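Letter by letter, the chains look like this.
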Amino acid sequence: MKDSQAGEAVQPASAHGPGRAPSGIPLTFRLGEREYAALVRIARHRDTTAAALVEQLVLHALSKADVPPPAESHPARKHTTYDEATAGFRPDPPVHRAPEPEREPEPTA
């Protein structure tokens, strides 16, 4: 593992943790080797990581862009309570055990 990658593995990309995008927005982009090396040099110069620098750039771009409001979503069905789910069932009857056979008394000598 290169030194430039070792520092990034320790620090998460965001407060949400590594690989977790803010607000659940998935984002993937690819950099060539030269572009990635330049990004790492800039990050080192600013005493940060490449991941943190990319996160700052993306959040800045999102703050300048028109973002549509979140879509309204509703659960597929309402939550079923335990009582509703078990309303048609009744408890099993108690289990009756067969009486144990009596033991024969042991012979005394």
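These numbers come from a predicted model, not from an experiment.

## Quick word on helix H3 (residues 50–64)
An α-helix turns once per 3.6 residues; consequently, residues spaced three or four apart project the same way.
Consideration 1: Here H3 is 15 residues long and its end C-alpha atoms lie 21 Å apart, about the 21 Å a rise of 1.5 Å per residue gives.
Consideration 2: Taken residue by residue, H3 has Ala 50, Ala 52, Leu 53 and Val 54 as its buried positions.

## Comments concerning the pattern of salt bridges
A side chain of one charge can pair with a side chain of the opposite charge when the charged atoms of the two come close.
Consideration 1: Summed over all chains, the structure comprises one salt bridge.
Consideration 2: The residue Glu 84 makes a salt bridge to Lys 78 at a minimum N-O spacing of 3.5 Å.
Consideration 3: The exposure class of Glu 84 is partly exposed, given its relative accessible area of 43%.
Consideration 4: The exposed category is assigned to Lys 78, whose relative accessible area is 59%.

## Examining unusual backbone geometry
Consideration 1: With a phi angle near 55 degrees, Asp 47 is a residue other than glycine that sits in the positive phi range.
Consideration 2: Mapped onto the secondary structure, Asp 47 falls in the loop between helix H2 (33–45) and H3.
Consideration 3: On the accessibility criterion, Asp 47 (73% relative accessible area) is exposed.

## Overview of the environment of Leu 53
Consideration 1: In this fold, Leu 53 is placed in helix H3.
Consideration 2: The exposure class assigned to Leu 53 is buried, which follows from its relative accessible area of 4%.
Consideration 3: For the pair Leu 53 and Ala 43, spaced 10 residues apart in sequence, the C-alpha to C-alpha distance is 6.4 Å.
Consideration 4: Beyond its immediate sequence surroundings of up to four residues, Leu 53 is in contact with Leu 39, Ile 42, Ala 43 and Arg 46.

## Points about the nonpolar core
Proteins that are soluble and globular tend to have nonpolar side chains buried together.
Consideration 1: Leu 39, Val 40, Ala 43, Ala 50, Leu 53 and Val 54 form the largest nonpolar core, which has six residues in total.
Consideration 2: The set of elements that each furnish at least two residues to this core consists of H2 and H3.

## Considerations on the packing of H2 against H3
Consideration 1: One can describe the packing of H2 onto H3 by two numbers: an axis separation of 8 Å at closest approach and a directional angle of 95 degrees. With respect to each other, H2 and H3 are oriented roughly perpendicular. On the side of H2, the interface is formed by Leu 39, Val 40, Ile 42 and Ala 43, while H3 contributes Ala 50, Leu 53 and Val 54.
Consideration 2: Taken together, the residues of the contact of H2 with H3 sort by class into seven nonpolar, no polar and no charged.

## Things to note about the confidence of the model for the chain
Consideration 1: Averaged over every residue, the pLDDT of the chain is 76; residues scoring 70 or more account for 75%.
Consideration 2: Within the chain, no element has a lower average pLDDT than helix H1 (residues 3–10), which sits at 45, and none a higher one than H2, at 93.
Consideration 3: Between residues 1–14, whose pLDDT stays under 50, and residues either more than four places distant or in other chains, the model counts 21 contacts.

Definitions and cut-offs
- Residues numbered from 1 in each chain as written.
- Predicted model: local features only at pLDDT ≥ 70, side-chain atom pairs only at ≥ 80, totals over all residues.
- Heavy atoms only, no water.
- Helix = DSSP H or I, 4+ residues; strand = E, 2+ residues; numbered from the N terminus.
- Expected span 1.5 Å × (residues − 1).
- Buried < 20%, exposed > 50% of the residue type's maximum accessible area, 1.4 Å probe, protein only.
- Salt bridge = Lys/Arg side-chain N within 4 Å of Asp/Glu carboxyl O.
- Contact = heavy atoms within 4.5 Å.
- Core = buried A, V, L, I, M, F, W, Y, C linked by side-chain atoms within 4.5 Å.
- Axes fitted to C-alpha atoms, helices over the stretch in contact; angles between N-to-C directions.
- Parallel < 35°, antiparallel > 145°, perpendicular 65-115°, else oblique.
- Nonpolar A, V, L, I, M, F, W, Y, C, P; charged D, E, K, R; others polar.
- pLDDT = per-residue confidence, 0-100.

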